[in-house]
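# Close look at the chain arrangement
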Amino acid sequence: MTVKTNTKGASKLPLNQILDGDCIEIMNSLPEGSIDLIFADPPYNLQLKGDLHRPDNSKVDAVDDEWDQFSSFAVYDKFTNGWLKAARRLLKPHGAIWVIGSYHNIFRVGAAMQNAGYWILNDVVWRKSNPMPNFRGKRFTNAHETMIWASKEEASKYTFNYEALKSLNEGVQMRSDWVLPICTGHERLKNEEGEKAHPTQKPESLLHRVLVGSTNPGDVVLDPFFGTGTTGAVAKKLGREFIGIEREEAYRKVAEKRLSKVRKFDRESLQVSTSKRAEPRVPFGQLVERGMLTPGDELYSMNNRHKAKVRADGTLIGDDVKGSIHQVGAALEGAPSCNGWTYWCFKRDGQRVPIDLLRQQIRAEMADRPN
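Criteria and thresholds
Residues numbered from 1 in each chain as written. Predicted model: local features only at pLDDT ≥ 70, side-chain atom pairs only at ≥ 80, totals over all residues. Heavy atoms only, no water. UniProt positions renumbered as here; feature names shortened; annotations may be inferred. Salt bridge = Lys/Arg side-chain N within 4 Å of Asp/Glu carboxyl O. Helix = DSSP H or I, 4+ residues; strand = E, 2+ residues; numbered from the N terminus. Buried < 20%, exposed > 50% of the residue type's maximum accessible area, 1.4 Å probe, protein only. Axes fitted to C-alpha atoms, helices over the stretch in contact; angles between N-to-C directions. Parallel < 35°, antiparallel > 145°, perpendicular 65-115°, else oblique. Left-handed = near helix turned anticlockwise from the far one by under 90°. Contact = heavy atoms within 4.5 Å. Nonpolar A, V, L, I, M, F, W, Y, C, P; charged D, E, K, R; others polar. Phe/Tyr/Trp six-rings, centres within 6.5 Å; stacked < 30°, edge-to-face > 60°. Pairing = 2+ DSSP bridges.

For the protein chain, the name recorded in an unreviewed UniProt entry is Methyltransferase, with Pseudohalocynthiibacter aestuariivivens as its organism. If you open the UniProt record of the protein chain and go to Sequence similarities (unreviewed entry), you find "Belongs to the N(4)/N(6)-methyltransferase family." As recorded by UniProt, the Catalytic activity (unreviewed entry) comment attached to the protein chain reads in full: "a 2'-deoxyadenosine in DNA + S-adenosyl-L-methionine = an N(6)-methyl-2'-deoxyadenosine in DNA + S-adenosyl-L-homocysteine + H(+)".

Looking now at the pattern of salt bridges. A full pass over the atoms with the stated rule returns 15 salt bridges. Between Arg 252 and Asp 20 there is a salt bridge, with its nearest N and O atoms 3.1 Å apart. On the criterion of sequence distance, the pair formed by Arg 252 in helix H7 (residues 249–260) and Asp 20 in strand E2 (residues 17–20) is long-range, its members being 232 residues apart. The same class applies to Arg 252 and to Asp 20, which are both buried. Note that Asp 41 is salt-bridged to Lys 202, the shortest N-O span being 2.8 Å. Of this pair, Asp 41 sits in the loop between strand E3 (35–40) and helix H2 (73–90) while Lys 202 sits in the loop between strand E7 (177–180) and helix H5 (204–214); the two residues are 161 residues apart in sequence, bridging distant segments of the chain. This pair shows no difference in class: Asp 41 is buried, exactly as Lys 202 is. One salt-bridge network, in which partners are shared between bridges, spans Glu 204, Lys 237 and Arg 258.

The geometry of a pair of packed helices is captured by two quantities: the angle between their axes and the separation between those axes. Relative to each other, H2 and helix H3 (residues 106–116) sit at 45 degrees, their axes nearing to 10 Å. Relative to H3, H2 is oriented oblique. By crossing handedness, the relation of H2 to H3 is classed as right-handed. Along its contact with H2, which presents Phe 73, Tyr 76, Asp 77, Thr 80, Asn 81, Leu 84 and Arg 88, the element H3 presents Arg 108, Val 109, Ala 112, Met 113 and Ala 116. Within the contact of H2 with H3, the residues separate by chemical class into seven nonpolar, two polar and three charged.

Two elements in contact, H5 and helix H6 (residues 230–237), have axes separated by 9 Å at closest approach and are oriented at 55 degrees. As summarised for this structure, H5 and H6 are arranged oblique, according to the angle between their axes. Two packed elements cross with a definite hand, and for H5 against H6 that hand is right-handed. Along its contact with H5, which presents Glu 204, Leu 207, His 208 and Leu 211, the element H6 presents Thr 230, Thr 231, Ala 233, Val 234, Ala 235 and Lys 237. The residue inventory of the contact of H5 with H6, partitioned by class, reads five nonpolar, three polar and two charged.

With that settled, the discussion passes to the packing of aromatic side chains. For the structure shown, the criterion picks out 13 aromatic pairs. Relative to Phe 79, the ring of Tyr 76 lies with its centre 6.3 Å away and its plane at 50 degrees, an arrangement referred to as tilted. Of the two residues, Tyr 76 and Phe 79 both sit in helix H2, three residues apart, roughly one turn of that helix. The class for Tyr 76 is buried, based on a relative accessible area of 1%. Taken together, Trp 98, Trp 149, Tyr 158, Phe 160, Tyr 162 and Trp 178 form an aromatic cluster joined through their ring pairs.

This part covers helix H9 (residues 325–333). Listing the buried residues of H9 in full gives Ile 325, Val 328, Gly 329, Ala 330 and Leu 332. For H9, the elements touching its buried residues are helix H8 (284–289), strand E11 (307–310), strand E12 (316–318), strand E13 (321–323), helix H10 (340–343) and strand E14 (344–348). Backbone geometry just after H9 places Gly 334 at a positive phi near 65 degrees.

Moving on: the pairing of strand E10 (residues 298–301). As defined by bridge partners, E10 adjoins E11 across three bridges and the pair is classed as antiparallel. Within E11, the position partnered with Leu 299 by the bridge is Ala 308. Turn length for the E10-E11 hairpin, with the two strands adjacent in sequence and antiparallel, is five residues, and the turn residue Asn 304 shows positive phi of about 65 degrees. Bridge analysis of E10 against E14 gives two bridges, and the strand direction is antiparallel. By the bridge assignment for E14, Tyr 300 is matched with Cys 345.

Here is the structure:
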């Protein structure tokens, strides 16, 4: 749905809509501190000189649209500073922003972000597995674009779903260089004339990784340069709310048609891997209170070298050492610290059972409780 926005005094967030107008004016009209994440794909200011042709003399469909034309670097910098200031006002205290660009603009944008108060977290290189070749043969093939990921400020507790990204990467920590293809084939959107609907359409795989890694279901994602709606399409599938801003009518029409066909994944499918730290805290004493372990029960170290006895208050005593499951384990091992949950086990029917299984049982019950 396209909305012609009155850019003064907007009081509610126009969720899951494409707003028609100037991105700076519209952002300044939205409520302050209302957005969880911004993904921005601003004009690159390519400053192309003349047409570009392939070796067979066919013309390359390059970015030569009016929206990418700026008369000078000073004019481009003024535009950049304006939208970055408006975007930062919109972010929640713990919000974050992604900005993507090429060598033409990303260094200027990065400096402007730091000057505006953003705190840069990473620069991520999107390495294109199928880049367009350099037809003139006078420079390297431009095989990558750079994304800057930044929090609103240094102290922001931004979202980072580390375990989810690790799972996407076959259990290996996600690096800051992402090898993903550009839009081709069925993903490349076409207009009514059968031509590319947008010259710099981003692949959904790129946005999938960004949104899975730095947002949660229900978060509000703003894209001030919405184009043909890749951000909105992926956000909708992943159960995020989106707001798009796009001044070009042709792009809005393509985006609306695209979004009308998108369906959200089911609730179970939207769940992602989380770290142990993100799981609900369960005190060891709760196992004693609930009778899962009783005072006097003996616990054994997983290496079978030590044992300790459970006390009524959820502490242990072993070899004249008293304290928590962590403190006693560390003292017995002569170590500076110890994770008691993975160190201790108990015996059932002659078998050793890690006490962490009891904690996971309680966590599973907590997850099943209605909100």
